[in-house]
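Each chain, written out:
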Protein chains: 2
Amino acid sequence: MSRGKPGPEQLDLAAGMHTCLAENDYISSDGVDCRNYGVLDGLYEMKEIFAGLLDVSPDEVILGGNSSLSMMFDNIASNASHGVRDSIPWQRQGDIKFICPVPGYDRHFSICDYFHIKMVTVGMTPGGPDMDAVERLVESDPLIKGMWCVPIFSNPDGCTYSDDTVRRIANLKPAAHDFRIYWDNAYSVHHFRGDRPEIPCILRECEKSGNPHMPLVFTSFSKISFSGAAVSAMATSKSNCDFIRKRLAVQSVGPDKLNQLRHIRFFGNAEGVFKHLVKIADIIRPKFETVIQIFNENLSHLEIANWTDPSGGYFISFNTLPGCAAKTISLCKEAGITLTPAGATYPYGNDPNDSNIRIAPTYPSLGELKQAMEIFCVAVRIAALEKQIQA
Amino acid sequence: MSRGKPGPEQLDLAAGMHTCLAENDYISSDGVDCRNYGVLDGLYEMKEIFAGLLDVSPDEVILGGNSSLSMMFDNIASNASHGVRDSIPWQRQGDIKFICPVPGYDRHFSICDYFHIKMVTVGMTPGGPDMDAVERLVESDPLIKGMWCVPIFSNPDGCTYSDDTVRRIANLKPAAHDFRIYWDNAYSVHHFRGDRPEIPCILRECEKSGNPHMPLVFTSFSKISFSGAAVSAMATSKSNCDFIRKRLAVQSVGPDKLNQLRHIRFFGNAEGVFKHLVKIADIIRPKFETVIQIFNENLSHLEIANWTDPSGGYFISFNTLPGCAAKTISLCKEAGITLTPAGATYPYGNDPNDSNIRIAPTYPSLGELKQAMEIFCVAVRIAALEKQIQA
């Protein structure tokens with residue numbers, strides 16, 4: 001339960017992908033032999049599918065390998081060593097910084113840490129990051145070069161940015177001309193209750209505000225097809241795409257086009273992806289409902305914890321009393337339940353309140369999940385009691 | 001004919017890979033669900049296959065995505081920004097340099113160029129790079145941080161390093177403690193005539209000489225299974241592997257394990273790969289023979305050119321009279337034949353003699369190849385004639 005990992009029954013839904021390419025099926029609709037080298041940024045038909053998911057143009061899409069995390073890492077590596085387009089490489093500009101809304105995604109923080117990028121935290125509100133703080137920081141400090149955003153079903157809070165938040169982000173006037181928004185749209189189509197959240201398109205909003213090259217949108221099929229054998233993509237201005245293709249021309253012989261073709265054959269188009277996600281939602285929904293029900297039954301009357309009840313994404317964000325998260329997780333570990341480490345949702349693994357725990361309910365079976373969450377609730381109560389006794 | 005690209009009939013030999021995974025076949029022999037996240041450096045069974053091809057231990061192998069070029073790029077990116085293990089990042093050490101044996105592989109040169117690494121050329125002999133020059137340079141200049149090697153069926157000369165060359169490379173005493181050998185073993189099993197060339201294992205030789213962490217071996221299935229959907233690997237000391245895994249832990253969710261499993265199922269083991277390569281050799285051999293026969297018939301009596309006649313690899317290295325390569329290629333282009341650009345086999349695209357042309361016979365059909373090579377021979381003769389008239 002430590003990571004947002006699909007359960008085997010979700011992956012079973014894509015079993016047809018193993019065999020959806022016949023032996024003589026390797027030519028794309030635009031005539032590319034997908035077995036051979038070439039097509040640096042991926043098949044056009046696959047770009048069209050992503051364009052449908054992200055509400056962008058296929059010409060604004062670059063396809064990657066099996067993981068959008070690697071695309072984010074590579075984009076930051078590129079900006080660090082070679083600069084954002086024609087600017088000075090970040091690595092030669094001193095102690096650069098990123099805005100990190102907290103709680104947030106530990107792998108974003110690891111990338112920053114690896115590239116010696118200082119992390120400046122801002123709080124999350126139900127409508128997204130605290131934009132007063134973001135504006136104040138980004139518009140005054142030229143060393144702030146980037147900002148992490150998970151705009152839909154954020155990791156771990158599960159909140160979706162309000163239209164106002166998206167527009168304020170697009171209208172930032174960064175002190176750094178080489179400031180970039182890392183828009184990790186991992187969960188944009190992963191609602192399991194209600195309708196698909198619709199937020200303004202960050203590319204279009206940034207065009208309107210005169211910042212067309214500022215946003216970099218990332219997503220993948222990791223939680224749609226196979227987590228380890230997916231197709232990833234980024235979407236950004238056509239001019240940014242041109243710049244990225246120059247690096248790709250040195251770095252790559254093109255992504256795995258046969259795997260793209262498998263996705264094209266299996267899903268058909270964006271509509272096919274949405275239909276598949278309904279089946280996935282039916283598997284995920286009861287898991288979230290089970291966790292929330294157990295929390296309600298065991299904890300709601302005690303005032304020692306609160307938690308989110310998201311309608312999509314992969315996480316429930318759980319807050320213990322201050323000073324109780326690490327203890328709760330360690331008690332669970334003794335009972336054989338591995339949770340995301342305490343502090344993981346904060347840069348440098350440091351949750352100043354020692355309060356936030358990320359619950360990832362998707363991987364275990366319903367039975368395992370029930371058992372684990374009941375033990376978790378006991379651990380929360382013990383940790384809170386110990387804290388109250390100490391106080 | 002501009003690139004070392006397999007022909008469609010070679011790729012057809014691996015048609016069974018499309019369907020070799022049944023719907024319920026996704027668990028590796030060590031129990032990994034290959035559909036899900038995880039296993040940062042790839043499946044052990046796949047490492048075993050590479051170990052058999054490279055004569056190393058599976059524990060010395062790290063698996064990558066679909067291309068070894070990307071692994072080389074990433075390794076250099078890592079050394080540039082973060083340093084070789086605990087050394088100062090290359091990017092902070094001034095104008096660093098790589099040894100580039102010439103003629104060589106244009107994509108190696110492009111990576112150097114991209115990372116602002118100066119390229120120092122040394123000549124090739126039939127037994128590999130001019131080792132007197134290599135030793136003089138590497139052992140005196142601490143800014144020389146790397147050396148490109150294509151030890152078996154080198155690109156484009158098709159020569160194989162002698163045992164003496166391999167041992168002299170392993171016994172280099174570099175002035176830079178963070179010097180690395182980039183051992184691009186792309187063609188180690190790609191003989192189409194005679195036996196597989198056997199050269200000493202660079203990892204073992206470097207252990208013997210006290211330089212265990214110096215070599216980085218790269219290879220892939222790009223010219224065995226599907227060029228665009230292969231599996232790549234690097235082999236290096238276990239301690240280097242540990243270092244590389246630390247970067248991977250930030251950069252990656254693990255490579256595409258289903259594609260690895262496809263390779264495992266289709267080829268079985270290294271022996272299966274060797275058997276498959278016999279079939280590939282039967283397709284490639286007549287193409288090389290055709291080119292050599294046409295050269296013999298049209299050019300051997302004229303003393304205006306020489307060429308290699310390799311027994312493996314993907315290229316014939318052709319030398320016109322000095323000053324005639326660009327003209328020859330441009331005449332071919334007028335006749336509709338695209339060759340590797342003049343100068344491509346030299347850093348910065350600058351062949352000081354304007355003489356070397358890389359011929360890549362594998363992609364066209366035999367009929368197309370015959371026609372193209374006959375026109376090529378005419379172009380060689382015209383260019384030589386013009387040159388002689390001018391002189």
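Thresholds, definitions, all that
Numbering of residues starts from 1 in each chain and follows the order in which that chain's sequence is written. Whichever chain is written first becomes A and whichever ligand is written first becomes 1, with later ones labelled in order. At least 70 in pLDDT is required for a residue's local features to be given in this predicted model, at least 80 for side-chain atom pairs to be given and counted, and no such filter applies to totals for whole chains, interfaces and linings, which use all residues. Hydrogens are left out, water is left out, and the side-chain values use all remaining heavy atoms of the structure. Two strands form a pair only when DSSP identifies at least two bridges running between them. Here a helix means four or more residues in a row that DSSP labels H or I, a strand means two or more in a row labelled E, and each is numbered from the N terminus. Every angle, taken between N-to-C directions, lies between 0 and 180 degrees, and every axis is a line fitted to C-alpha atoms, over only the stretch in contact when it is a helix. Note on definitions: a residue-residue contact is assigned when non-hydrogen atoms from the two residues lie within 4.5 Å. Buried area: the accessible surface (1.4 Å probe) lost by two parts on joining, summed over both. Salt bridge, as applied in this entry: a Lys or Arg side-chain nitrogen positioned within 4 Å of an Asp or Glu carboxyl oxygen. Here a polar contact is taken to be a pair of N or O atoms separated by no more than 3.5 Å, where protein atoms must pair a possible hydrogen donor with a possible acceptor and residues adjacent in sequence count only if both atoms sit in side chains. Lys, Arg, Asp and Glu make up the charged group, whereas Ala, Val, Leu, Ile, Met, Phe, Trp, Tyr, Cys and Pro make up the nonpolar group; the residues left over, Gly among them, are polar. Here the copies are matched by least squares. The fit uses the C-alpha atoms of residues with pLDDT of at least 70 in both. Summary of the burial criterion: residues with accessible area below 20% of their type's maximum are buried, those above 50% are exposed, and those between are partly exposed, where the area comes from a 1.4 Å probe applied to protein chains only. In this analysis, rings of Phe, Tyr and Trp, with Trp reduced to its six-membered ring, are considered paired at centre separations within 6.5 Å, and the interplanar angle assigns stacked below 30 degrees, edge-to-face beyond 60, and tilted for intermediate values. The rule is short: NZ of Lys or CZ of Arg within 6 Å of the ring centre and within 35 degrees of the ring normal puts a charge over the ring. By convention a nonpolar core is built from buried Ala, Val, Leu, Ile, Met, Phe, Trp, Tyr and Cys residues, the set being connected through side-chain atoms within 4.5 Å. For the handedness criterion, the strands are oriented away from the viewer, and a crossover whose path from the first strand over the helix to the second runs clockwise is classed as right-handed. Residue ranges for the domains trace back to a domain assignment, done automatically or taken from a database.

1. Digging into the sheet that holds strand S9 (residues 305-307) of chain A
The strands that make up a sheet pair up through hydrogen bonds in the backbone, lying either parallel or antiparallel.
Residues and elements named next belong to chain A.
Part 1 of the reasoning: Reading across from one edge, S9-S10-S11 is the order of the three strands in this open sheet, with antiparallel pairing throughout. Both edges of this open sheet fall to S9 and strand S11 (356-359), since each of them pairs with a single strand only. Across the sheet, the mean angle from the axis of one strand to that of its neighbour is 20°, orientation sign disregarded.
Part 2 of the reasoning: Helix H11 (residues 325-334) contacts strand S10 (316-320) and S11 of the sheet and is inclined by roughly 40° relative to S11.
Part 3 of the reasoning: Lying over the sheet, helix H12 (residues 366-390) contacts S9, S10 and S11, oriented at roughly 175° with respect to S11.

2. Quick look at the interface of chain B and chain A
Part 1 of the reasoning: Contacts between chain B and chain A engage 54 residues on the former and 54 residues on the latter.
Part 2 of the reasoning: Among the residues chain B hides against chain A, the three largest losses belong to B:His18, B:Arg35 and B:Tyr37. Together they make up 17% of the total.
Part 3 of the reasoning: Run the count over chain B and chain A and you get two salt bridges.
Part 4 of the reasoning: The shortest N-O distance in the salt bridge between A:Arg35 and B:Asp12 comes to 2.7 Å.
Part 5 of the reasoning: In this structure, the connection of chain B to chain A is made through 22 residue pairs in polar contact (both at pLDDT 80 or more).
Part 6 of the reasoning: The element that contributes the greatest number of residues to the side of chain B that touches chain A is helix H3 (residues 68-82) of chain B, accounting for six residues.
Part 7 of the reasoning: Classifying every residue of the side of chain B that touches chain A gives 21 nonpolar, 21 polar and 12 charged.

3. Overview of the relation of the copies chain B and chain A
Part 1 of the reasoning: When chain B is brought onto chain A, the operation consists of a screw motion whose angular component is 180° and whose axial shift is 0.0 Å, with 0.0 Å RMSD remaining. What the rotation and shift describe, once combined, is the action of a two-fold rotation axis. Residues of chain B ranked by C-alpha distance from the rotation axis are headed by B:Thr19, positioned 2.7 Å from it.
Part 2 of the reasoning: Taken as a fraction of all interface residues of chain B, those also at the interface in chain A reach 100%, which identifies the copy contact as same-surface.

4. Concerning unusual backbone geometry
Part 1 of the reasoning: The linkage connecting A:Asn155 with the following residue, A:Pro156, adopts the cis geometry, with an omega of 10°.
Part 2 of the reasoning: Residue placement: A:Pro156 occurs in the loop between strand S5 (144-149) and helix H6 (163-170).
Part 3 of the reasoning: Following B:Val102, the chain continues into B:Pro103 via a peptide bond in cis, with omega recorded as -5°.
Part 4 of the reasoning: By the element assignment, B:Pro103 lies in the loop between strand S2 (97-102) and helix H4 (106-114).
Part 5 of the reasoning: Residues other than glycine seldom take positive phi values, yet A:Glu303 does so here, at roughly 55°.
Part 6 of the reasoning: Its location among the elements puts A:Glu303 in the loop between helix H10 (270-299) and S9.
Part 7 of the reasoning: Overall, the relative accessible area of 72% leaves A:Glu303 in the exposed class.

5. Some remarks on the sheet that holds strand S9 (residues 305-307) of chain B
All names here are of chain B.
Part 1 of the reasoning: Taken in spatial order, the three strands line up as S9-S10-S11 in an open sheet, and their pairing is antiparallel. For this open sheet the edge positions go to S9 and strand S11 (356-359), each flanked by a neighbour on one side alone. Averaged over all pairs of adjacent strands, the angle between their axes in this sheet comes to 20°, without regard to strand direction.
Part 2 of the reasoning: The pairing of strand S10 (residues 316-320) with S11 spans four bridges and is antiparallel. When the bridges of S11 are listed, Asn-319 appears paired with Asn-356.
Part 3 of the reasoning: Against the sheet, helix H10 (residues 270-299) touches S9, S10 and S11, its axis set at about 20° to S10.
Part 4 of the reasoning: Contacts from helix H11 (residues 325-334) reach S10 and S11, with the element oriented near 40° to S11.

6. Structural notes on the packing of aromatic side chains
For any pair of aromatic rings, geometry is given as the distance between the ring centres together with the angle between the planes.
Residues and elements named next belong to chain A.
Part 1 of the reasoning: Throughout the structure, instances matching the rule amount to 40 aromatic pairs over all chains.
Part 2 of the reasoning: Between Phe-73 and Tyr-114, the ring centres sit 5.6 Å apart and the planes meet at 40°, which makes this aromatic pair tilted. Residue Phe-73 is located in helix H3 (residues 68-82), and its partner Tyr-114 is located in helix H4 (residues 106-114); the two are separated by 41 residues in the primary sequence.
Part 3 of the reasoning: Residue classification places Tyr-114 among the buried residues on the basis of a relative accessible area of 16%.
Part 4 of the reasoning: Each ring, one from Phe-318 and one from Phe-376, has its centre 4.8 Å from the other, and the planes form 75°; the classification is edge-to-face. On the criterion of sequence distance, the pair formed by Phe-318 in strand S10 and Phe-376 in helix H12 is long-range, its members being 58 residues apart. Phe-376 carries the same exposure label as Phe-318, and that label is buried.
Part 5 of the reasoning: Every member of this aromatic cluster is reached through a ring pair, and the members are Trp-90, Phe-98, Trp-148, Tyr-182 and Phe-218.
Part 6 of the reasoning: Against the face of Tyr-314 rests Lys-223, its NZ or CZ located 5.2 Å from the ring centre.

7. A short note on the pattern of salt bridges
All names here are of chain A.
Part 1 of the reasoning: One pass over the structure, following the stated rule, counts 42 salt bridges over all chains.
Part 2 of the reasoning: With its nearest N and O atoms 2.8 Å apart, the salt bridge here joins Asp-41 to Lys-47. Judged on exposure class, the residue Asp-41 and its partner Lys-47 are both buried.
Part 3 of the reasoning: Connected through shared salt-bridge partners, Asp-41, Lys-47, Asp-242 and Arg-245 make up one network.

8. Some points on the environment of A:Tyr182
Residue and element names in this part refer to chain A.
Part 1 of the reasoning: Mapped onto the secondary structure, Tyr-182 falls in strand S6 (residues 180-184).
Part 2 of the reasoning: According to the relative accessible area criterion, Tyr-182 is buried, its value standing at 0%.
Part 3 of the reasoning: Along the chain, Tyr-182 and Trp-148 lie 34 residues apart, while their C-alpha atoms are 5.0 Å from each other.
Part 4 of the reasoning: Tyr-182 has contacts with Asn-75, Ile-76, Asn-79, Trp-90, Phe-98, Met-147, Trp-148, Cys-149, Leu-216 and Phe-218, leaving out every residue within four places of it along the chain.

9. With respect to the side chain of B:Ser28
All names here are of chain B.
Part 1 of the reasoning: Here Ser-28 shows up in the loop between helix H1 (8-12) and helix H2 (44-54).
Part 2 of the reasoning: On the basis of relative accessible area, Ser-28 is assigned to the buried category, the value being 4%.
Part 3 of the reasoning: Engagement of the side chain of Ser-28 in a polar contact is seen with the side chain of Asp-30, the distance being 2.4 Å.
Part 4 of the reasoning: Beyond its immediate sequence surroundings of up to four residues, Ser-28 is in contact with Cys-34, Leu-43, Glu-45 and Leu-261.

10. Focus: the pairing of S5(A)
Residue and element names in this part refer to chain A.
Part 1 of the reasoning: When you tally the buried positions in S5, you get six out of six residues, the bulk of the element.
Part 2 of the reasoning: The pairing of strand S2 (residues 97-102) with S5 spans three bridges and is classified as parallel. The residue bridging Phe-98 from the neighbouring strand is Gly-146, located in S5.
Part 3 of the reasoning: Bridge analysis of S5 against S6 gives four bridges, and the strand direction is parallel.

11. With respect to the nonpolar core
Part 1 of the reasoning: One finds A:Phe295, A:Ile359 and B:Phe295 to be the most contacted residues of the largest nonpolar core, which totals 203 residues.
Part 2 of the reasoning: It is H10(A) that provides the largest number of residues to this core, a total of 13 residues.
Part 3 of the reasoning: If near-sequence neighbours (up to four positions away) are discounted, A:Phe295 is found in contact with A:Ser300, A:Trp307, A:Ile316, A:Phe318, A:Ile359, A:Met373, A:Phe376 and A:Cys377.
Part 4 of the reasoning: Counting 34 residues, the second largest nonpolar core, distinct from the first, contains A:Ile62, A:Trp148, A:Met234 and B:Val253.

12. Section: the pairing of strand S3 (residues 118-125) of chain B
Residues and elements named next belong to chain B.
Part 1 of the reasoning: When S2 meets S3, the two strands line up parallel, connected through six bridges. When the bridges of S3 are listed, Phe-98 appears paired with Met-119.
Part 2 of the reasoning: For the crossover that starts at S2, traverses H4 and ends in the parallel S3, the hand is right-handed.
Part 3 of the reasoning: Relative to strand S4 (residues 128-129), S3 runs antiparallel, the two sharing two bridges. Looking across to S4, one finds that Met-124 is bridged to Pro-129.

13. Remarks on the domain arrangement of chain A
All names here are of chain A.
Part 1 of the reasoning: Parsing chain A into structural domains produces domain 1 (17-272) and domain 2 (282-386).
Part 2 of the reasoning: For domain 1 and domain 2, the distance between their C-alpha centroids amounts to 29 Å.
Part 3 of the reasoning: The three residues of domain 1 that bury the most area against domain 2 are Pro-156, Phe-192 and Arg-193, which together make up 38% of that side's buried surface.
Part 4 of the reasoning: In this assembly, domain 1 and domain 2 are joined by one salt bridge.
Part 5 of the reasoning: A salt bridge links Asp-309 to Arg-193, with the nearest nitrogen and oxygen atoms 3.4 Å apart.
Part 6 of the reasoning: Counting across the interface, domain 1 meets domain 2 through 10 residue pairs in polar contact (both at pLDDT 80 or more).

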